[in-house]
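Each chain, written out:
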Amino acid sequence: MAGGDQMPLAMEAATFPGLLEQFQRNNALLEQIMKCLESYLETKRVAFPRFYFLSNDELLDILAQTRNPHAVQPHLRKCFDAIAKLEFGVKPPDEIEAEPSELSKKQSAVMVLTTDIMGMISPEGEKVSLGKGLKARGNVEDWLGKVEEAMFFSLRRLMKASVGHYLSHSRKEWVICHANQIILIVSQIMWARGVHEILDSGTTIQKKLEQYQLKCIKVYIPVA
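Note that the structure is predicted; figures quoted are calculated from it, not measured.

A. Expanded view of the overall build of the protein. For the protein, the count of helices and strands is 10 helices and three strands. Of the regular secondary structure in the protein, the N- to C-terminal order runs α-α-α-α-α-β-α-β-β-α-α-α-α. Burial analysis of the protein (224 residues in total) assigns 29% to the buried set. In the protein, once contacts between residues fewer than 6 apart in sequence are set aside, the share between residues at least 24 apart is 46%. Carbon and sulfur atoms make up 60% of the accessible area of the protein, which amounts to about 15800 Å² in all.

B. Local environment of the packing of aromatic side chains. Enumeration over the complete set of coordinates arrives at three aromatic pairs. On the numbers, 6.2 Å between centres and 50 degrees between planes, the contact of Phe48 with Phe80 is tilted. Of this pair, Phe48 sits in the loop between α3 (19-47) and α4 (56-63) while Phe80 is found in the loop between α5 (76-79) and β1 (85-90), placing the two residues 32 residues apart along the sequence. Of the residues examined, Phe48 reaches a relative accessible area of 1% and is grouped as buried. Residue Phe80 is classed as buried on the basis of its relative accessible area, which comes to 3%. Three or more aromatic residues link up through ring pairs in this structure, and these residues are Phe48, Phe51 and Phe80.

C. How the structure looks around the pattern of salt bridges. Here the structure, examined in full by the defined rule, presents six salt bridges. Glu87 serves as the salt-bridge partner of Lys127, at 2.7 Å between the closest nitrogen and oxygen. Separated by 40 residues along the polypeptide, Lys127 in strand β3 (residues 127-129) and Glu87 in strand β1 bring together distant segments of the chain. Its relative accessible area of 46% is what places Lys127 among the partly exposed residues.

D. Fine view of the pairing of strand β2 (residues 113-121). Where β1 meets β2, five bridges bridge the pair, whose relative direction is antiparallel. Residue pairing for β2: Lys85 is matched across the bridge by Ile121. Direction of pairing for β2 relative to β3: antiparallel, over a ladder of three bridges. Within β3, the residue paired with Met120 across the bridge is Val128.

E. Quick look at the side chain of Glu58. Position of Glu58 among the secondary structure elements: in helix α4. Apart from residues lying up to four places away in sequence, Glu58 is in contact with His75 and Lys78.

F. Here's a closer look at the sheet that holds β3. A sheet is described by the order of its strands in space; here three strands give the open sequence β1-β2-β3, paired in antiparallel fashion. Strands at the two margins of the open sheet, each flanked by one partner only, are β1 and β3. Neighbour-to-neighbour, the strand axes of this sheet turn through a mean angle of 55 degrees, independent of strand direction.

G. Representation of the nonpolar core. One finds Phe51, Leu86, Ile117, Met120, Leu130, Trp143 and Leu144 to be the most contacted residues of the largest nonpolar core, which totals 34 residues. Broken down by secondary-structure element, the contributors of at least two residues to this core are α4, α5, β1, β2, α7 (140-168) and α9 (180-201).

H. Local environment of the environment of Val175. Here Val175 lies in helix α8 (residues 171-175). Taking relative accessible area as the criterion, Val175 reaches 32% and is therefore assigned partly exposed. C-alpha of Val175 to C-alpha of Ser187: the two residues are 12 residues apart in sequence and 9.8 Å apart in space.

About the cut-offs
- Residues numbered from 1 in each chain as written.
- Predicted model: local features only at pLDDT ≥ 70, side-chain atom pairs only at ≥ 80, totals over all residues.
- Heavy atoms only, no water.
- Helix = DSSP H or I, 4+ residues; strand = E, 2+ residues; numbered from the N terminus.
- Buried < 20%, exposed > 50% of the residue type's maximum accessible area, 1.4 Å probe, protein only.
- Contact = heavy atoms within 4.5 Å.
- Areas by Shrake-Rupley, 256 points an atom, 1.4 Å probe, with all protein chains shown as cover.
- Phe/Tyr/Trp six-rings, centres within 6.5 Å; stacked < 30°, edge-to-face > 60°.
- Salt bridge = Lys/Arg side-chain N within 4 Å of Asp/Glu carboxyl O.
- Pairing = 2+ DSSP bridges.
- Axes fitted to C-alpha atoms, helices over the stretch in contact; angles between N-to-C directions.
- Core = buried A, V, L, I, M, F, W, Y, C linked by side-chain atoms within 4.5 Å.

Have a look at this one:
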């Protein structure tokens, strides 16, 4: 570019000795860099397969801010179908460094987040706790893998508790006490359980299925 500025005539600038060879070397070097970059990003995607949902630019944006675990928040919706963001812990006021004024100290207490991951929040604002001891430390693919494991464990635990609650409480009370995903899954479990009980009974199956259908319509779609 500096040479082109000194030689404003296009023909002279384009036919400058060695310019073509320099462009060819640069293109070959750029291709080599791109291959190395693709190989590096592939290792990250193999370690955490949900990264395959992200483009190279998005994945690089995360990897470029490894020390800032909160940088992954804008990309969570692509990695996890129903997670809008993760809830991080907040430092208590006595652990925050002193500020020039009390006002700025209070603001810092609100804004300073820790690496402790408390739960996951859906696009609708529904929160599910991920338990204790989960931290966003180390390589991003490693701690996101732990988030995924904690998600499976927490949902399984909540689902088990929800099944017991379903059997001992009314449906109206049960619905408002659990997360949407848990309600949908447990509803399907109980429906399948009821159908299997009828099929295993061996007698008057058609009549029982018709009665069960009416029961489901009454329970799931109550008449106003």
